[in-house]
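Chain residues, written in single-letter form:
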Amino acid sequence: MATMESLIGLVNRIQRACTALGDYGGGDTAFSSLWDALPSVAVVGGQSSGKSSVLESIVGRDFLPRGSGIVTRRPLVLQLHKTEGRQEEYAEFGHMPRRRFTDFSLVRKEIQDETDRITGKSKQISPIPIHLSIYSPNVVNLTLIDLPGLTKVAVEGQPESIVEDIEKMVRTYVEKPNSIILAISPANQDIATSDAMKLAREVDPSGERTFGVLTKLDLMDKGTNALDVLEGRAYRLQHPWVGIVNRSQADINKNTDMIYARRREREYFATSPDYGHLASKMGSEYLAKLLSQHLESVIKAKIPGIISLINKGIDEMEAELDHLGRPIAIDAGAQLNTILELCRAFDKIFKEHLDGGRPGGDRIYGVFDLQLPAALRKLPFDKHLSLQNVRKLVSEADGYQPHLIAPEQGYRRLIEGSLNYFRGPAEASVDAVHFVLKELVRKSIGETEELKRFPTLQSALAAAAGEALEKFRDESKKTVIRLVEMESSYLTVDFFRKLPQEGEKMGPTPSPGDRRTSSADRRNPPGSDHGIPGPDRVNLSDPLVDRYAEAHFRRIGSNVSSYIGMVSDTLRSTIPKAVVYCQVKEAKQNLLSYFYMQIGRREGKQLAELLYEDPSLMSRRQEIAKRLELYKAARDEIDAVAWVR
């Protein structure tokens, strides 16, 4: 199964791609928004609810702008990445991907500056999100979306509609069925008046998607507490309430260290007479872990639906591109020559990627040198060749008549069952190389400058190359499966002819008269651990050891394991040869062969459709092509994560 980091990282990468291509929810109603389908944690709270302090406590850094009025005027997609060891903490912005910020005061300034680039110096708000990634050993893998604070009154410099505008923006995030709502309310105010809980109840009346957070517990009137809320009596949710103790304004002014503030928060709950019994489930650190685990489980549950949406969207958009029509030219001969030149330019760049002139082809070698051996090492041979399974298969193969000398049928069943496991890595290698070739086709089309004027021809080339690659993949899969099946159809005889000689070296086989153990004892020998231990565990020369006893089955399992190891080494060498011959070599020589045949049969009008450029249609075509690229990139991202399962 994919790790938590890869699942949350998958959503992070797709979210960044969505923003880069202009998809951040809503917008074009012709196609479903991929952004809206992605699970996310939306942070909601009124002004002065302690929302910024909660986020900074989770991160362990001061990095958010502060001030009076509406400070957060654009959604902030905050992606936290846990690093190992003592690596220096740093931050990266989606709009500045190559710059690392280690000074978090500069992070605060850049958030302000980037907000002003879109909204100006006014108090206006914008739905275009800012992407911020923070890498630190003091965080958990988590993605949070910080939204503008809910307000009731417009201040000077803001339009009268600002209250409604903010609520409308926040609603677009929290209304999504895949959205997790982090509703933040101050404990020193009546929960019934909480703006965050009011909105959460409207969009999530059952409380299934809402996590309630109470801040400022230390600022409540003396003699009062928030146990009715935290224990779910005053306001019940499906998930537990979490109490937070933020830094005071004095702490903020003194730049109190966040790690120290976390420790002080733990001490507060541990020593509190009101909340001591809840201490293990209170605080910003517990909240972060709780959200991370829940986000992972939601992503796991939503992945099939996201894949379905992506595939449906790709089908709809490709159909829409066809529906928009094709450009028409005049001279059929010139059209054909232009198309062939464009194809040759693309083919040249594609071959450069494969041959090393451009980056990308080395990833194919990585499949053979890293991913295939790793997949082979992970095959569950230990379970298949456990003592219990060996005894079971050998006994079943004997039927009513136990074997006399060597259990050949048992050996064959064990070997055939083991060889079946090789199908998975073999097919996965084919799919991985197919993925690389598809990516190289996409890159090559994008790098072919001459093609950029003709999005229709780009689509035709990509489709033709995709169809060809699919055929090469199918043939490659048939070939590698044949390699596995050949190993099953004829076993290497010389390997097994050595076994009786090795058995003689170990000592004589006991005569039937020396077999003094009962059938039950043989099936459950004392000290059996259902494994295949080394030879020091059993004295094979002991005349009291039965051929059907534990040592006999261990030797069978060990022999089969050795044979499978030999086959594994063979397939590790032959699978890459078959994949390169069936996929890489064919892609270099025949990627567009069928496409050339189709072009040669087309008439002038049909050729013109590939080259026509109409300003209005081109604008629409480019818009759809961008979204289509996003969906295909998202599908490839999901395929890439599937490899680590």
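Right above here is the structure, for reference.
What you see is a predicted model; the values in this text were computed from it and never measured. (Residues numbered from 1 in each chain as written. Predicted model: local features only at pLDDT ≥ 70, side-chain atom pairs only at ≥ 80, totals over all residues. Heavy atoms only, no water.)

Now for the environment of Glu 267. By the element assignment, Glu 267 lies in helix H9 (residues 258-271). On the basis of relative accessible area, Glu 267 is assigned to the partly exposed category, the value being 45%. (Helix = DSSP H or I, 4+ residues; strand = E, 2+ residues; numbered from the N terminus. Buried < 20%, exposed > 50% of the residue type's maximum accessible area, 1.4 Å probe, protein only.)

Mapped onto the fold, Val 580 is located in helix H20 (residues 550-590). Given a relative accessible area of 35%, Val 580 falls into the partly exposed group. Look past the residues within four positions of Val 580 in its chain and what remains in contact with it is Phe 368 and Lys 585. (Contact = heavy atoms within 4.5 Å.)

A word on empty space enclosed by the protein. Applying the stated rule across the entire model yields two cavities of 30 Å³ or more. Of the pockets and cavities examined, the largest cavity occupies roughly 60 Å³. Forming the walls of the largest cavity are Ser 53, Glu 56, Ser 57, Arg 66, Val 245, Asn 246, Arg 247, Met 258, Ala 261 and Arg 262. For the lining of the largest cavity, the secondary structure elements donating two or more residues are helix H3 (51-59) and H9. For the lining of the largest cavity, the class distribution of residues is three nonpolar, three polar and four charged. (1 Å grid on protein atoms, 1.4 Å probe; cavity = no way out; pocket = protein on both sides within 12 Å on 5 of 7 lines; lining within 4 Å. Points joined across faces, edges and corners; volume = space filled by probe spheres on them. Nonpolar A, V, L, I, M, F, W, Y, C, P; charged D, E, K, R; others polar.)

Right, let's talk about the environment of Lys 289 for a bit. Tracing the backbone through its elements, the reader meets Lys 289 in helix H10 (residues 284-323). Lys 289 gets classed as partly exposed once you look at its relative accessible area, which sits at 49%. In this structure, the C-alpha to C-alpha distance between Lys 289 and Ile 58, residues 231 residues apart in sequence, is 9.5 Å.

What follows covers the packing of helix H17 (residues 455-489) against H20. Packed helix pairs are specified by the crossing angle of their axes together with the interaxial distance, meaning the distance between the axes. Direction vectors running N to C along H17 and H20 enclose 160°, while the axes themselves pass 9 Å from each other. One way to sum up the angle between H17 and H20 is to call them roughly antiparallel. In terms of crossing hand, the pair formed by H17 and H20 is right-handed. Tallied by class, the residues present in the contact of H17 with H20 amount to 13 nonpolar, six polar and four charged. (Axes fitted to C-alpha atoms, helices over the stretch in contact; angles between N-to-C directions. Parallel < 35°, antiparallel > 145°, perpendicular 65-115°, else oblique. Left-handed = near helix turned anticlockwise from the far one by under 90°.)

Further remarks concern H9. Between its terminal C-alpha atoms H9 stretches 20 Å, which fits the 20 Å expected from 14 residues at 1.5 Å a residue. For H9, the full list of buried residues reads Met 258, Ala 261, Arg 262, Glu 265 and Phe 269. End-on, the buried residues of H9 take up no more than an arc of 105°, which puts them together on one face. Along H9, exposed side chains directed more than 90 degrees from the buried face belong to Ala 270 and Thr 271. (Expected span 1.5 Å × (residues − 1). Arc of directions from axis to C-beta.)

Next up on the list: the side chain of Ser 40. Note that Ser 40 resides in strand S1 (residues 40-45). The class for Ser 40 is buried, based on a relative accessible area of 2%. Ignoring anything within four residues of it in the chain, the contact list for Ser 40 reads Gln 15, Ile 145, Lys 176, Asn 178, Ser 179, Ile 180 and Leu 295.

Let us now look at the pattern of salt bridges. By the definition in use, this model includes 33 salt bridges. Among the salt bridges present, the one from Asp 146 reaches Lys 51, with a minimum N-O distance of 2.8 Å. Placement of the pair is Asp 146 in strand S6 (residues 142-146) and Lys 51 in helix H3, with a sequence separation of 95 residues. (Salt bridge = Lys/Arg side-chain N within 4 Å of Asp/Glu carboxyl O.)

Once that is clear, we can look at the packing of helix H16 (residues 423-447) against H20. Where H16 contacts H20, the two axes come as close as 10 Å, and the packing angle between them is 30°. Judged by the angle between their axes, H16 and H20 are roughly parallel. Considering the relative orientation of H16 and H20, their crossing is right-handed. Contact with H16, carried on its side by Ala 426, Ser 429, Val 430, Val 433, His 434 and Leu 437, involves Ile 575, Val 579, Gln 583, Val 584 and Ala 587 of H20 and no other residues of that element. Class assignment of the residues belonging to the contact of H16 with H20 gives a composition of eight nonpolar, three polar and no charged.

The element strand S8 (residues 210-215) is extensively covered by neighbouring structure, given that six of its six residues are classed as buried. Of the two faces of S8, both are covered, the one formed by Thr 210, Gly 212 and Leu 214 as well as the one formed by Phe 211, Val 213 and Thr 215. Judged from the six bridges that link them, strand S7 (residues 179-186) and S8 form a sheet pairing that is parallel. Bridge pairing in S8 links Ala 183 to Gly 212. By the bridge criterion, two bridges tie S8 to strand S9 (residues 242-243) in an arrangement that is parallel. Note on S9: the bridge partner recorded for Leu 214 is Gly 243. (Pairing = 2+ DSSP bridges.)

Across the sheet, nine strands lie side by side as S4-S3-S5-S2-S6-S1-S7-S8-S9; this open sheet has mixed pairing. Each end of this open sheet is capped by a strand with a single partner; those strands are strand S4 (96-101) and S9. Sheet analysis places strand S3 (residues 90-93) next to strand S5 (residues 130-136), joined by four bridges and oriented antiparallel. Within the sheet, the bridge partner assigned to Glu 92 lies in S5 and is Ser 133. Set on the sheet, helix H5 (residues 162-174) makes contact with S1, S6 and S7; between it and S1 the angle comes to about 150°.

Let's shift gears to the packing of aromatic side chains. Throughout the structure, instances matching the rule amount to nine aromatic pairs. Arranged with centres 5.5 Å apart and planes meeting at 50°, the rings of Phe 381 and Phe 422 form a pair that is tilted. You can see Phe 381 sitting in helix H13 (residues 381-384) and its partner Phe 422 sitting in the loop between helix H15 (408-420) and H16, a full 41 residues away along the chain. An identical accessibility class is assigned to Phe 381 and Phe 422; each is buried. Positioned over the ring face of Tyr 90 is Arg 100, at 4.0 Å from the centre of the ring. The ring of Tyr 594 carries Lys 471 above its face, with NZ or CZ at 4.7 Å from the centroid. (Phe/Tyr/Trp six-rings, centres within 6.5 Å; stacked < 30°, edge-to-face > 60°. Lys NZ or Arg CZ within 6 Å of the ring centre and 35° of its normal.)

Let us look at the pairing of S5. Most of S5 sits out of view: seven of its seven residues are buried. Both faces of S5 are covered, namely the face carrying Ile 130, Leu 132, Ile 134 and Ser 136 and the face carrying His 131, Ser 133 and Tyr 135.

Once that is clear, we can look at helix H4 (residues 104-119). Taking 1.5 Å per residue, 16 residues should reach 22 Å; H4 reaches 23 Å between its end C-alpha atoms and fits that length. Of the positions making up H4, those classed as buried are Phe 104, Val 107, Glu 110, Ile 111, Glu 114, Thr 115, Asp 116 and Thr 119. Where the residues of H4 are buried, they touch strand S2 (76-82), S3, S4 and S5.

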